[in-house]
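Per-entry structural report
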Amino acid sequence: MPDLNVHISFSYGKRKILDNVSFTAKKGKLLAIIGPNGSGKSTLLKCIAGILRPEGEIKYGDINLIGLRPKERAKIVSYVPQSSFPEFAFTVEEFVELGTYASGGDVEEALRSVGLLEKKNELITNLSGGEYQLALIARALAQGSDVMLLDEPTSHLDINHAKEVVDLLLKLKEEKVIVAVLHDLNIALNYADEILVLKYGRVLWRGTPEDISEKVIWESYNVVPKVIRANGMKAVIP
Ligand SMILES: Nc1ncnc2c1ncn2[C@@H]1O[C@H](COP(=O)(O)OP(=O)(O)OP(=O)(O)O)[C@@H](O)[C@H]1O
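Let us look at the structure shown here. Keep in mind the model is a prediction, meaning the values are calculated, not measured.

Reading guide: rules and limits
Residues numbered from 1 in each chain as written. Predicted model: local features only at pLDDT ≥ 70, side-chain atom pairs only at ≥ 80, totals over all residues. Heavy atoms only, no water. Helix = DSSP H or I, 4+ residues; strand = E, 2+ residues; numbered from the N terminus. Expected span 1.5 Å × (residues − 1). Buried < 20%, exposed > 50% of the residue type's maximum accessible area, 1.4 Å probe, protein only. Contact = heavy atoms within 4.5 Å. Core = buried A, V, L, I, M, F, W, Y, C linked by side-chain atoms within 4.5 Å. Salt bridge = Lys/Arg side-chain N within 4 Å of Asp/Glu carboxyl O. Near = heavy atom within 4 Å. Polar contact = N/O pair within 3.5 Å; in protein donor to acceptor, adjacent residues only side chain to side chain. Areas by Shrake-Rupley, 256 points an atom, 1.4 Å probe, with all protein chains shown as cover. Nonpolar A, V, L, I, M, F, W, Y, C, P; charged D, E, K, R; others polar.

1. A short note on helix α5 (residues 129-141)
With 13 residues, α5 should reach 18 Å at 1.5 Å per residue; the first-to-last C-alpha distance of 19 Å fits that figure. Within α5, ten of the 13 residues are buried, leaving the element largely enclosed by the surrounding structure. Along α5, the residues that are buried comprise G130, Y132, Q133, L134, A135, L136, I137, A138, A140 and L141. Among the structural elements, β6 (77-80), α3 (92-97), α4 (107-113), β7 (147-151) and α6 (159-172) are those in contact with the buried residues of α5.

2. Some details on the environment of L68
Positionally, L68 belongs in the loop between β5 (63-64) and α2 (70-76). A sequence separation of 18 residues divides L68 from G50, and the C-alpha atoms of the two residues are 8.6 Å apart. Sequence-distant contacts of L68, defined by excluding residues within four places in its chain, comprise I63, R73 and I76.

3. Re the nonpolar core
One recurring pattern in soluble globular proteins is that nonpolar side chains are buried together. V114, I137, L141, M148, L150, I195 and I212 are the most contacted members of the largest nonpolar core, which totals 47 residues. In terms of residue count, the dominant contributor to this core is α5 (eight residues). The residues touching I137, leaving out its near neighbours within four places in the chain, are V80, V114, M148, L150, P153, V165 and L168. Membership of the second largest hydrophobic core comes to 31 residues, among which are I8, L45, I58 and L196.

4. Some remarks on the pattern of salt bridges
Counting across every chain of the model gives eleven salt bridges. Where K16 meets D19, a salt bridge forms, and the shortest distance between an N and an O atom there is 3.9 Å. Residue classification places K16 among the partly exposed residues on the basis of a relative accessible area of 46%. Between E131 and K119 there is a salt bridge; the shortest N-O distance is 3.0 Å. Taken together, the residues span a long stretch of sequence, with E131 in helix α5 and K119 in the loop between α4 and α5 at a distance of twelve residues. When its relative accessible area of 27% is taken as the criterion, K119 is described as partly exposed. Counted as one network, the salt bridges with shared partners bring together E108, E109, R112 and K120.

5. Regarding the site of the ligand
Around the ligand, the structure places 14 residues, and the nearest of them are R15, G38, K41, S42 and T43. Within the backbone of G38, one N or O atom sits 2.8 Å away from an oxygen atom of the ligand. With respect to the ligand, the side chain of H183 contributes an N or O atom lying 3.0 Å from an oxygen atom. Compared with its free state, where it exposes 640 Å², the ligand has 63% of that area covered by protein. Of all the elements in the fold, those that place two or more residues in the shell around the ligand are β2 (15-25) and α1 (41-49). With three residues, α1 is the single largest residue contributor to the shell around the ligand. The residue makeup of the shell around the ligand, split by class, is three nonpolar, eight polar and three charged.

Here it is in structure tokens:
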């Protein structure tokens, strides 16, 4: 499976939001994008997903995703947006089916992967915030794409469901290129293989969770965190 190579800049009007952001994401390595509010994380994912059109190149192997027709792009990239309240009263199954329009993926399998198969006939408007988050992930899975982008996939989930999503990402990274924006530093530092820190739309730092220092966290978030290490895990406490 090819790597995803991103080299882009993006402006809203005259305001530069992403400034020469470059990185490579690979199958087998869960890439977490972290950084303070407003640093450009969601904008970056939207550019890769094709919702926004950046300058530069987004290459999946030899294919430049910028300029690809939406349906062609959807065969390669799926996108789990930040969760908001659903606007239409689809059933869970109908909602996940929307993901199959480009490539006709497996809806049942997607529902099973996120533990929502038993709720397939419920209206998505009746799901809890966390269940809706899982339905968004299932919709992207049903797309059957090689690259999956997720914007804060654990933000509405309790610790049990967050762990399920993390386990799912760890499984999926073996068969897809996974890029996830994560607000939860504890999840990023303990489960990601690679970290990209954004600040003011630039890459402040990139490397492995083992190599990230308190200084980088301070430079990024302007806070001196307490970092506890125990049982091979790290906890970042504000
Ligand atoms: N539609 C828009 N028009 C103009 N500016 C925008 C628009 N959407 C986002 N921005 C600006 O772009 C910047 C980056 O926003 P973005 O949502 O990418 O940040 P983020 O790192 O994902 O933030 P958060 O962690 O709060 O979700 C912010 O300053 C934001 O105000």
